[in-house]
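The chain contents come next:
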Amino acid sequence: MTSSPAVTNPAPDSGEECYHCGLPVPPQSDHHVSIDGAERRMCCAGCEGVARAIVGNGLVDYYRHRDAMAEPQKEALPEALQELGLFDHPDFQKGFVQPIGENEREASLILEGITCAACVWLNEQHVARQPGVSLVEINYATRRARVRWDERQIKLSGILAAIQAIGYRAYPYDAERSEQIAHRERRSMLWRLFVAGFGMMQVMMYAVPAYLAREGEMTPGIEALMRWSSLLLTLPVVLYSAAPFFQRALRDIRLRHLGMDVPVALGVGSAFGASAWATLTGSGEVYFDSVTMFVFFLLCGRYLEMVARQKAVRGVEELGKVLPAFVERLHAWPQLESERVPASQVVPGDVLRVRPGEVVPADGVVIDGRSEANEALLTGESLPVAKVPGSPVTGGSINVSSPLAIRVEQVGDSTRLAAIRRLMERAAGEKPRMAQQSDRFAGTFIVVLLVLAGATGIAWHFIDPGRALWVFVSVLVVACPCALSLATPTALTVATDVMARRGVLVTRGHAIETLARANHFVFDKTGTLTQGKMLLQEIRPLAGTPNDELLALAAALEQGSEHPVAAGLMRAAQGLPLPEVESIVAETGFGIEGRLNGKRRWIGRPDLVAEKLGQTVPSELAELEQRGGSIVSLANEDGWLALFRLDDQPRDEAASLIAKLAEDKIPATLLSGDTPSVAATVARQLGLADAVGGMSPQDKRDHIAALQQRPELVVAMVGDGVNDAPVLAQAHVSIAMGGGTELARNQGDIVLLNESLAALGDGIGLARRTLRIIHQNLWWSFAYNFTSVPLAMAGLITPWMAGIGMAGSSLLVVLNALRLQRVPSRS
């Protein structure tokens, strides 16, 4: 076996820095662009798209003549390319923009500069006012934004410019870019924290003697020296460490919107200004120690909150980094000669070798080798899954024991991993009702806080003028509406990550809250409570046609369907030649119609086929129904041809889930398109008291709607297959089996990736625990704010104590949400 690299390494002069913007290139990055005949490495998909557009538009001279890299926060774009509207280029938008309708587009962005709930509100309100923007939702915990617009009225570049105009920066979401921004935020915060901490310690050295000295022990000259020294040491803390508070406060005032940085900047600025004036005039009190301590403790709390928040969202973003940068392609299979190529160059039909311990780079099928794959990240299943020739493999899974040769079937956005990422991003971008209510309250609270602080300062000016300033500052900084805004999104982000690791994929923002409140579950039968692997048990000819001919005709009609019954007939017909059926039309809830030799043929539910024929159902139907299973009928224009009886087995974990719901006094209903006797038999096996059979998709939807007429009920629907799509859409919260059709998967608010009802039981428990933690966070936030503000108004809390309280309140909310990560292992 020989190995010959197919791609030249990045040019030595680029090193490990992005050739486009100069940022460090992550080790796992496979982004690169050919510039002047050499492969240049890029740090992320954004820079790769920019560079390709520059080269593609004939502007490569930009790279030859530039004399400096752009600043890390900015894209290095020549003016000519900016005029072309780079962000509106279709190639650039491929990775993060999804078409919604003919003219509507939706993008996933990441925002830089978000520090509190008011920032979220400001961006949402400002962007929503842009012409053509129909939706904008920002997740405070993840800094992720979901934006939808009509491209006839506004372009993506216009939306990004609108965000930049109010002092923020938006980037196309990319996992690598997100990590770079997070790293930059941590580094900047640490430097500001270091300066504040060093300044605080030095100022305290000068403040302690003044506190301890008795009257007459310290000369006026020494006291003035200590005050001037404290002033000089406090300046870097105010001008550097606290600078972001002042910058964001000025921006908020300019935009006539009050954010949390306004009271913080007002408190720090007024205390420092009064202290500086007292130092200059040599009269009055100084508060340099309180200013430095407040800034230090506030930055310390925000840094810890940032680290905890980034830890909470890191698990959700792992899916974006799991695939390898390079793969081993066998270019002349079955010969074993291989080459290392970037994963981005793999196309369907390629044969890849995946060695033990390596990640499968794309969806495909095993063509050689026997091994096991760890699919825990994709399905939540902790046990390795056996892989033999013919077995499907999923990109993102890990080959465990032996080398495998796989033929690639799906790459890029067509893979299962990409679909999971899109669904998770959709959930992260949506804002549930509880979060919206918290944000609205936090915005109002800031206005009330400023009024209370002003009134308190005036009152204390008459009560005790010497204490008026620091009481005013304490009221300003002790309150923490940020804790209110963090209470819901942080808990939901952590819960989404934990549930995904257990095979329960949340695809809608409201799903966890609604699942926790669900008090009536409705289940489909085939493929949901049963395994969905229908086996043909019996063929009953009704017109003397041979069984093989009947089976071949049935399979020919069903070959385009994804319904479990169709799969069962196709398996039974393996090896039989299938006739060529024309004009095949699938009718949801009925079956399939087609033409053979000019005559119409139907296969489907006996009662509905009877309506097509204008006849009664065959007398043999009652006998077959007594034996159990699903019955489908075959007919042509002349009459009945055959009845097929197929059987399915209940899932092993179905009975335990039904028992768990019954133990929690939650009623459950089975709805099935099969006959009432078949539905009743399955219900008896599983311990279900309520089962309704013979239902069309519209009947199922009407049944759900009737349940929803009772205001005390929150209805959850668990289904699989095309027949369940309208019912899934009707329910308050819908759960789709991960192996179902694409339509059902899209309709589901939650997807069971490993098709395990035991995972659904775990998900219900975790959703309820999440709701309890959200309530705890909200109660704590309300209790803290409504207790601390009156205490500060009474003069019982000093500014540095207020800083600790404000920072600690947000930190406690985040840490409480992180408790969701401690989930007991499934027994």
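What counts, and where the lines are drawn
- Residues numbered from 1 in each chain as written.
- Predicted model: local features only at pLDDT ≥ 70, side-chain atom pairs only at ≥ 80, totals over all residues.
- Heavy atoms only, no water.
- Helix = DSSP H or I, 4+ residues; strand = E, 2+ residues; numbered from the N terminus.
- Buried < 20%, exposed > 50% of the residue type's maximum accessible area, 1.4 Å probe, protein only.
- Contact = heavy atoms within 4.5 Å.
- Patch = residues over 30% accessible without salt bridge, like charges linked within 9 Å, V, L, I, M, F, W, Y side chains within 5 Å.
- Areas by Shrake-Rupley, 256 points an atom, 1.4 Å probe, with all protein chains shown as cover.
- Salt bridge = Lys/Arg side-chain N within 4 Å of Asp/Glu carboxyl O.
- pLDDT = per-residue confidence, 0-100.
- Pairing = 2+ DSSP bridges.
- Phe/Tyr/Trp six-rings, centres within 6.5 Å; stacked < 30°, edge-to-face > 60°.
- Lys NZ or Arg CZ within 6 Å of the ring centre and 35° of its normal.
- Axes fitted to C-alpha atoms, helices over the stretch in contact; angles between N-to-C directions.
- Parallel < 35°, antiparallel > 145°, perpendicular 65-115°, else oblique.
- Left-handed = near helix turned anticlockwise from the far one by under 90°.
- Nonpolar A, V, L, I, M, F, W, Y, C, P; charged D, E, K, R; others polar.
- Expected span 1.5 Å × (residues − 1).
- Arc of directions from axis to C-beta.
- Core = buried A, V, L, I, M, F, W, Y, C linked by side-chain atoms within 4.5 Å.

### Points about the overall build of the chain
Argument step 1. When you go through the chain residue by residue, the secondary structure sums to 29 helices and 29 strands.
Argument step 2. Looking at the chain as a whole, 56% of its 827 residues qualify as buried.
Argument step 3. Of all intrachain contacts in the chain linking residues separated by at least 6 positions in sequence, the fraction that spans at least 24 positions is 68%.

### Brief notes about a nonpolar patch on the surface
Argument step 1. A contiguous nonpolar surface patch, about 570 Å² in accessible area, is contributed by Trp191, Phe194, Phe198, Met201 and Tyr240.
Argument step 2. Sort the elements by how many residues they give to the nonpolar patch and helix H7 (residues 175-212) lands first, with four residues.
Argument step 3. Within the secondary structure, Met201 sits in helix H7.

### Observations concerning the confidence of the model for the chain
Argument step 1. Averaged over all residues, the pLDDT of the chain equals 79, while 82% of them reach at least 70.
Argument step 2. Per-residue pLDDT stays below 50 along residues 1-14; that stretch engages in 26 contacts with residues further than four places along the chain or on separate chains.
Argument step 3. Taken together, the stretch residues 67-84 has pLDDT below 50 and engages in 37 contacts with residues farther than four places along the chain or on a different chain.

### Points about the sheet that holds strand E13 (residues 385-387)
Argument step 1. Spatial strand order, E13-E12-E15: three strands in an open sheet with antiparallel pairing. Looking at strand neighbours, the two that pair on one side only are E13 and strand E15 (398-399), the edges of this open sheet.

### Some words on the packing of aromatic side chains
Argument step 1. As enumerated under the stated definition, the model contains six aromatic pairs in all.
Argument step 2. Taking 6.1 Å as the distance between ring centres and 90° as the angle between the ring planes, the aromatic pair formed by Trp191 and Phe194 counts as edge-to-face. Taken together, the residues Trp191 and Phe194, both in helix H7 and three residues apart, mark about one turn of the helix.
Argument step 3. Aromatic side chains Trp780 and Tyr784 sit 5.7 Å apart centroid to centroid with 35° between the ring planes, which places their arrangement in the tilted category. Here Tyr784 and Trp780 lie together in helix H28 (residues 757-793), a separation of four residues that amounts to about one turn.
Argument step 4. Residue Trp780 is classed as partly exposed on the basis of its relative accessible area, which comes to 34%.
Argument step 5. Through successive ring pairs, a cluster of aromatic residues spans Trp191, Phe194 and Phe198.
Argument step 6. Here the basic side chain of Arg192 rests over the ring of Tyr240, its NZ or CZ set 4.7 Å away from the ring centre.

### Overview of the packing of helix H9 (residues 243-254) against helix H10 (residues 261-281)
Packed helices, taken two at a time, are described by their axes: the angle between them and the distance between them.
Argument step 1. In contact at an axis separation of 8 Å, H9 and H10 are set at 120° when each is read in the N-to-C sense. Comparing their axes, H10 and H9 come out oblique. When the axes of H9 and H10 are compared, the crossing they make is left-handed. Every residue of H10 that contacts H9 at Phe245, Phe246, Arg248, Ala249, Asp252 and Ile253 is listed here: Asp261, Val262, Val264, Ala265, Val268 and Gly269.
Argument step 2. Of the residues that constitute the contact of H9 with H10, the class distribution is eight nonpolar, one polar and three charged.

### Let's talk about helix H25 (residues 697-708)
Argument step 1. Over its 12 residues, H25 extends 17 Å from the first C-alpha to the last, a length consistent with the 16 Å expected when each residue adds 1.5 Å.
Argument step 2. Of all the positions in H25, only Pro697, Lys700, Ile704, Leu707 and Gln708 are classed as buried. Looking straight down H25, one finds its buried side chains confined to an arc of 105°; they lie on one side.

### Concerning the pattern of salt bridges
Argument step 1. Applying the stated criterion to the full structure yields 23 salt bridges.
Argument step 2. As a salt-bridge pair, Asp638 and Lys599 come within 2.5 Å of each other at their nearest N and O atoms. You can see Asp638 sitting in the loop between strand E23 (630-636) and strand E24 (639-647) and its partner Lys599 sitting in strand E22 (residues 599-604), a full 39 residues away along the chain.
Argument step 3. Connected through salt bridges with shared partners, the residues Glu106, Glu137, Arg146 and Arg148 form a single ionic network.

### Some remarks on the pairing of strand E18 (residues 520-524)
Argument step 1. Where burial is concerned, most of E18 is hidden: five out of the five residues are buried.
Argument step 2. Residues His520, Val522 and Asp524 point to one face of E18 and Phe521 and Phe523 to the other, with burial holding for every one of them.
Argument step 3. Two elements, E18 and strand E25 (residues 668-671), share four bridges in a ladder whose sense is parallel. Residue pairing across strands places Phe523 opposite Leu670, the latter belonging to E25.

### Notes on the nonpolar core
Argument step 1. Among the nonpolar cores identified, the biggest contains 55 residues, and Phe521, Phe523 and Leu529 are the most heavily contacted of them.
Argument step 2. When sequence neighbours within four positions are dropped, the list of residues in contact with Phe521 reads Leu515, Leu661, Ile666, Pro667, Ala668, Thr669, Ala716, Val718 and Ile764.
Argument step 3. The next biggest cluster of nonpolar side chains, apart from the first, holds 41 residues, and it includes Ala196, Val264, Phe272 and Phe294.

### Looking at the environment of Leu578
Argument step 1. With respect to the helices and strands, Leu578 occurs in the loop between helix H20 (564-572) and strand E20 (582-587).
Argument step 2. Placed 19 residues apart in sequence, Leu578 and Gln559 show a C-alpha to C-alpha distance of 9.6 Å.
Argument step 3. The contact partners of Leu578, leaving out residues within four places of it in the chain, are Ala552, Ala555, Ala556, Gln559 and Met570.

### Points about the environment of Gly132
Argument step 1. For Gly132, the position within the fold is in the loop between helix H5 (117-128) and strand E5 (133-139).
Argument step 2. Distance in space between the C-alpha atoms of Gly132 and Glu104 is 9.1 Å, their sequence separation being 28 residues.
Argument step 3. In contact with Gly132, other than residues within four places in its own chain, are Arg148, Trp149, Asp150, Gln153 and Ile154.

### Looking at the sheet that holds strand E14 (residues 392-393)
Argument step 1. The six strands are arranged E9-E8-E10-E16-E11-E14 in an open sheet whose pairing can be described as antiparallel. A single partner strand is all that each edge strand has here, and the edge strands are strand E9 (338-342) and E14.

### Examining the pairing of E22
Argument step 1. Bridge count for strand E21 (residues 591-596) against E22 is six bridges, and the pairing is antiparallel. When the sheet's bridge partners are listed, Gly591 is paired in E22 with Gly604.
Argument step 2. Counting the residues in the hairpin turn of E21 and E22 gives two residues, including Asn597, whose phi is positive at 55°.
Argument step 3. Two elements, E22 and E23, share four bridges in a ladder whose sense is antiparallel. The residue bridging Gly604 from the neighbouring strand is Ser633, located in E23.

### Quick look at the packing of helix H8 (residues 220-241) against H9
Argument step 1. At a closest axis distance of 5 Å, the pairing of H8 and H9 adopts a crossing angle of 45°. As the angle between them shows, H8 and H9 are arranged oblique. Here H8 contributes Val238, Leu239, Tyr240 and Ser241 to the contact with H9, which in turn contributes Ala243, Pro244, Phe245 and Phe246.
Argument step 2. Broken down by class, the residue content of the contact of H8 with H9 amounts to seven nonpolar, one polar and no charged.

### Observations regarding unusual backbone geometry
Argument step 1. Phi angles above zero are rare outside glycine, and Ser583 is one such case at about 50°.
Argument step 2. Position of Ser583 among the secondary structure elements: in strand E20.
Argument step 3. Phi at Asn597 is positive, roughly 55°, even though this residue is not glycine.

### Comments concerning the environment of Phe441
Argument step 1. Take Phe441: it is sitting in helix H14 (residues 433-463).
Argument step 2. What makes Phe441 partly exposed here is its relative accessible area of 29%.
Argument step 3. Those residues within four positions of Phe441 in sequence are excluded, and the remaining contacts are Leu484, Phe782 and Phe786.

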